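Here is how the chains run, residue by residue.
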Amino acid sequence: MTTGTNAETTAEHGYTADKDAYLKRLRRIEGQVRGIARMVEEDKYCIDILTQVAAVNKALHAVSMGLLEEHIAHCVVGAAQDSQVSGNSDAVQEKVQEATAAIGRLLR
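This write-up is about the structure you can find in this document. These numbers were taken from a predicted model, which means no experiment stands behind them.

## Focus: the pattern of salt bridges
- A full pass over the atoms with the stated rule returns three salt bridges.
- Measuring nitrogen to oxygen at the nearest pair gives 3.5 Å for the salt bridge that ties Glu30 to Arg34. One end of the pair, Glu30, and the other, Arg34, are both in helix α1 (residues 19–41), four residues apart, so they sit about a helical turn from each other.
- Glu30 gets classed as partly exposed once you look at its relative accessible area, which sits at 44%.
- The partly exposed category is assigned to Arg34, whose relative accessible area is 46%.
- For Glu42, the salt bridge identified is with Lys44, shortest N-O distance 3.8 Å.
- Take Glu42: its relative accessible area is 48%, and that puts it in the partly exposed class.

This is the structure in structure tokens:
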């Protein structure tokens, strides 16, 4: 729900309910990356290394898509609900722009 530039530091984020699962997945990915480094140190076959890099990319993509889905379901929808009460749609536009920018970064 917050960005690195917002002052909102205590707000609950969309992924909070699944935080432990995300951390578990990220630790697994971290282990995969360490394994790739070992493969390079041990002069393993390049195709085998590339296969592991592809697996890490796929795992990171899955985390990214989950976080994006959580952002839309929690932050964007929450802003839309708040705007119905307040009549101000600026927060909705901000959250949609954040999601659009995130999608753009993922597609690069």
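## Let's talk about the side chain of Glu70
- Structurally, Glu70 is set in helix α2 (residues 46–86).
- Here Glu70 is buried and forms no salt bridge, its nearest opposite-charge partner Arg25 lying at an N-O distance of 8.8 Å.
- For Glu70, the contacting residues outside a window of four places in its chain are Gly14, Tyr15, Asp18, Tyr22 and Cys75.

## Some remarks on the environment of Gly14
- Structurally, Gly14 is set in the segment before α1.
- For Gly14, a relative accessible area of 14% gives the class buried.
- Between the C-alpha atom of Gly14 and that of Gly78, which follows or precedes it by 64 residues, the distance is 9.7 Å.
- The residues contacting Gly14, other than those within four sequence positions of it, are Glu70 and His74.

## Here we look at the nonpolar core
- If you look at the biggest cluster of nonpolar residues, it comprises seven residues: Tyr22, Ile29, Ile36, Met39, Ile49, Val56 and Val63.
- Among the elements of the structure, α1 and α2 are those that each provide at least two residues to this core.
- It is α1 that contributes the most residues to this core, four residues altogether.
- In contact with Ile36, not counting residues within four places along its chain, are Ile49, Gln52, Val53 and Val56.

## Observations regarding helix α3 (residues 90–107)
- Here α3 spans 26 Å end to end across 18 residues, near enough to the 26 Å set by a 1.5 Å rise per residue.
- Here α3 has its buried residues at Val92, Lys95, Glu98, Ala99 and Ala102. All buried residues of α3 fall inside an arc of 125° around its axis, so they share one side. For α3, exposure combined with an orientation more than 90 degrees from the buried face picks out Asp90, Gln97, Thr100 and Leu107.
- Buried positions along α3 lie against α2.

## Some details on the packing of α2 against α3
- Remark: α2 packs on α3, axes separated minimally by 8 Å, with the N-to-C direction vectors making an angle of 165°. Classified by the interaxial angle, the pair formed by α2 and α3 is roughly antiparallel. In this structure, the crossing between α2 and α3 has a hand that is left-handed. Within the contact between the two elements, α2 uses Ser64, Met65, Leu68, His71, Ile72, Cys75, Val76, Ala79, Ala80 and Ser83 and α3 uses Ala91, Val92, Lys95, Val96, Glu98, Ala99, Ala102, Ile103 and Leu106.
- For the contact of α2 with α3, the residue count by class is 14 nonpolar, three polar and two charged.

Reading the values: rules and limits
- Residues numbered from 1 in each chain as written.
- Predicted model: local features only at pLDDT ≥ 70, side-chain atom pairs only at ≥ 80, totals over all residues.
- Heavy atoms only, no water.
- Salt bridge = Lys/Arg side-chain N within 4 Å of Asp/Glu carboxyl O.
- Helix = DSSP H or I, 4+ residues; strand = E, 2+ residues; numbered from the N terminus.
- Buried < 20%, exposed > 50% of the residue type's maximum accessible area, 1.4 Å probe, protein only.
- Lys, Arg positive; Asp, Glu negative; His and termini not counted.
- Contact = heavy atoms within 4.5 Å.
- Core = buried A, V, L, I, M, F, W, Y, C linked by side-chain atoms within 4.5 Å.
- Expected span 1.5 Å × (residues − 1).
- Arc of directions from axis to C-beta.
- Axes fitted to C-alpha atoms, helices over the stretch in contact; angles between N-to-C directions.
- Parallel < 35°, antiparallel > 145°, perpendicular 65-115°, else oblique.
- Left-handed = near helix turned anticlockwise from the far one by under 90°.
- Nonpolar A, V, L, I, M, F, W, Y, C, P; charged D, E, K, R; others polar.

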